[in-house]
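# Working through the structure, step by step
One letter stands for each residue in the lines below.
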Amino acid sequence: MTLELKELTGGYGQVSVLKKETFTVEDGQVVGLIGLNGAGKSTTIKHIIGLLTPRGGQILIDGLSLQDNVEEYRKKIAYVPEMPILYSELTLKEHINLTIMAYGLDHDKTWEKAHELLKTFRLDNKLDWFPQNFSKGMKQKVMIVCAFMTDARLFIIDEPFTGLDPLAVNDLLNIVEEKKQKGCSILMSTHVLATVQDHADKFILLNHGQVRADGTLDELKEKFDMQNGNLDDIYIKMSNEDQ
Amino acid sequence: MTDLWKERLRRHQLNQFKYLRLIFNDNFVLAFIVLIGALGFWYSNFLDTISQVNVFGKPVVIILFWFIAQSGSVATLLEEPDSTFLLVKEKDFYDYFKAARNYSSMLPVVAVALVGFLMSPFAFKAAGLSVLSIIMLTIGVVIYKFAMLNFEIFGIYGKENFKGLSIKIWVNLALVVLLILSSYLSSFILIVVAAILLGYAVSRSQSICESGQLQWQSAIAKENQRMFRIKRFYNLFTDVPGVNSKIRRRKWLDFLFKGIKEEQGNTYLYLFARGFVRNNEYIGLFMRLTIIQAIMLCLIDNFYISLIVEMLFIYLVGFQLKPYFKETMQNLMQRIYPVKQSDKIKDFTKLSMFVLFVQWVVSAFAILYKFGFSVNGLIIVAAGLAVLVFVGYFYIPRQLKKIF
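Residues numbered from 1 in each chain as written. Chains lettered and ligands numbered in written order. Predicted model: local features only at pLDDT ≥ 70, side-chain atom pairs only at ≥ 80, totals over all residues. Heavy atoms only, no water.

### Observations regarding the domain arrangement of chain A
Residue and element names in this part refer to chain A. The criterion, for reference: The domain boundaries here were taken from an automatic or database domain assignment. Contacts: residue pairs with any heavy atoms within 4.5 Å of one another. What gets called buried area is simply the loss in accessible area from a 1.4 Å probe that two parts show on being joined, summed for both. In what follows, salt bridge is the name for a side-chain nitrogen of Lys or Arg lying within 4 Å of a carboxyl oxygen of Asp or Glu. Two N or O atoms count as a polar contact when they lie within 3.5 Å, although within protein this holds only if one can serve as hydrogen donor and the other as acceptor, and sequence-adjacent residues are included solely when both atoms are side-chain atoms. Here a helix means four or more residues in a row that DSSP labels H or I, a strand means two or more in a row labelled E, and each is numbered from the N terminus.
For chain A, the domain assignment lists domain 1 (1-76 + 153-243) and domain 2 (84-151). Of note, the centres of domain 1 and domain 2, computed from C-alpha atoms alone, are 25 Å apart. In this complex, domain 1 contributes 18 residues to the contact, which on the side of domain 2 involves 14 residues. Both sides of the domain 1 and domain 2 interface together cover about 1,300 Å² of buried area, and 64% of this is carbon and sulfur. Between the two partners, domain 1 and domain 2, sit two salt bridges. Residues D165 and K141 are paired through a salt bridge, measuring 3.4 Å at the closest nitrogen-oxygen approach. Summed over the shared surface of domain 1 and domain 2, the result is two residue pairs in polar contact (both at pLDDT 80 or more). Counting only elements with at least two residues in the side of domain 1 that touches domain 2, the list comes to helix 2 (70-75), strand 6 (154-158) and helix 6 (166-181).

### Observations concerning the sheet that holds strand 2 (residues 18-25) of chain A
Residue and element names in this part refer to chain A. Definition in use: Each pair of strands is called paired provided DSSP finds at least two bridges between the two strands. The convention used is that axes are lines fitted to C-alpha atoms, helices contributing only their stretch in contact, and that angles between N-to-C directions extend from 0 to 180 degrees.
Taken together, three strands build an open sheet; the order of strands is 2-1-4 and the sheet is antiparallel. Each edge of the open sheet is held by one strand with a lone partner, namely strand 2 and strand 4 (56-61). Averaged over all adjacent pairs, the angle separating strand axes in this sheet is 15 degrees, with direction ignored. Where strand 1 (residues 3-10) lies against strand 2, five bridges are found, and the strand directions are antiparallel. In the sheet register, G10 faces strand 2, and the bridge partner there is L18.

### Some details on the environment of D171(A)
Residue and element names in this part refer to chain A. Assignment of secondary structure puts D171 in helix 6. Linking D171 and L117, residues 54 residues apart in sequence, is a C-alpha distance of 9.4 Å. Residues in contact with D171, not counting those within four places in the same chain, are T120, F121 and R122.

### Some words on the nonpolar core
Going by this rule: Think of a nonpolar core as a cluster: buried Ala, Val, Leu, Ile, Met, Phe, Trp, Tyr and Cys residues, connected wherever their side-chain atoms sit within 4.5 Å. In this scheme, a residue with accessible area under 20% of its type's maximum is buried, one over 50% is exposed, and one in between is partly exposed, where area comes from a 1.4 Å probe on protein chains only.
If you look at the biggest cluster of nonpolar residues, it comprises 146 residues, and the most contacted ones within it are L3(A), I96(A), F148(A) and F276(B). Residue contributions to this core peak at 13 residues, all from helix 12 (residues 303-329) of chain B. Listed in part, the 37 residues of the second largest apolar core include L47(B), I68(B), V141(B) and I143(B).

### Quick word on the packing of helix 10 (residues 267-278) of chain B against helix 14 (residues 341-371) of chain B
Residue and element names in this part refer to chain B. Condition: Roughly parallel means an angle under 35 degrees; roughly antiparallel means over 145; roughly perpendicular covers 65 to 115; every other angle is labelled oblique. Should the near helix be turned counterclockwise from the far one by less than a right angle, the crossing is left-handed, whereas a clockwise turn marks it as right-handed. Three residue categories are used. Nonpolar comprises Ala, Val, Leu, Ile, Met, Phe, Trp, Tyr, Cys and Pro, charged comprises Asp, Glu, Lys and Arg, and polar comprises the others, including Gly.
Here helix 10 crosses helix 14 at 40 degrees, and the two axes come no closer than 8 Å. The angle between helix 10 and helix 14 places the two elements in the oblique class. When you trace helix 10 past helix 14, the crossing you get is right-handed. On the side of helix 10, the interface is formed by T267, Y268, L269, F272, A273 and F276, while helix 14 contributes K344, D347, F348, K350, L351 and V355. When its residues are assigned to classes, the contact of helix 10 with helix 14 shows eight nonpolar, one polar and three charged.

Shown next as structure tokens:
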């Protein structure tokens, strides 16, 4: 699975938050999308999943754009939002059923996967609960379960590490690794640089809606001329460039 | 301080007008007029059936007066930040509350007077009260309500209890006793006691409010609850931000979902059906309108009024389902499902047809009960079916397309 953004321009209303943003996510790659608040991380993600329409440029998943075939395009993506979004009227079990129906998945096989994931996140005894009874972290886990039980090839996770307990973060990273082994790609935006530094293959540094730099950690060190620096140092250096 | 009150009141009234304008839309006014007409018609018929004084007459009058005396409380219009920003002004708040009390007195007066007026023919015929007694009782309840509002202000200053029981309970118990005494013995009792009580409350209020301490937390919480009640009421008719409706599991209704096969084409039906049944707002609206309609149809034997009630209420339920679709569509996750837009509308149409069908069946029973298998009865039932098909198949799907 490859995701390509070609000179993507867009944003909300008349204001262009993204200006000719270009990057790719290759097969079996875990990519960290990094930038300050307001750099355009969430806007980029909203464009990829099709909640916003680009004003210019192209977004291709395996060469397919949203306009070519909406249903096929969407089937390839699973998304975990920053703030959990659940249906207040559905129980946990029904959320899983609904996702199975929406993505046209095989009921029994998917439930098998779901059970495994629910067990990992210690939600398997809460199948009949309503979202109002869940804490924020639990809701996030529900979103993760619903996303990772699908047959999607591209997983987009917005800020996965805030709100989850350390154990859950570890579990999530294991699941990400598993998907990666199967050739899926993962794009995650985050501020928790120390975690993403160890688990991503490639980083995209966004600044003012443009890709300031991208590549592996070593490539970034070279670009910023900081041989001994870590991701944190590079990030701060990039932020200081504005001043 | 009175300037602050005036400013708050202005803002509050603007807000209320905004919602009232939304509530009194064309559909509602039409339904309202028909409802009032039907109730008036029923009431006048009912009065005709009363030929002599009835044992239940006086108790009904007492209960109705007591209930209407509960309507309305002091609108303090306090806001959350007040307990931080206006803390220093605490001593000056007495004037503010006085203005609030005066403003809050208007609505109960109108409500009590209206109930007294509407109840008078009944009280005269069934309870055997003279016109003078009815007027005296109404005035007595009004004065008593003024006293109750004053006691509420004592509550804001922490004088909520008297001998271990809240003042509110004392006052309400006393009202029951006074109403009984005045309607069975002399109607002057209530008016005299109420006047004495009011005099006491007014003369004591300044010293109580100055010696007491303003209970910010509870006063703000009370005001928030009051606002929430109002908004929840408005929410029955229109969208009010910040009012979340309650969700109930209602497991015993799960059999309703049995017919929905778990396949991709039914994704949204699965969601809509469960949401409708479990969200108090929508099932509540449906139940209320269906029950009111059924009761009206059982009582009215005029062909034209019944015809209008049958058609109008089916249309109203259909019309009120629209916001439910809109609300569900605001969920971000459903927008990224690989499901066609047209499937969403198709599934919602299935739900609305089913809901309207249930309503139609219930109303048909009521009509057949009143009209029997006559031509008139069957015409009304058929007209209801026609509205059902029109609203379900043509009106709602077209409206929903506009939402996207």
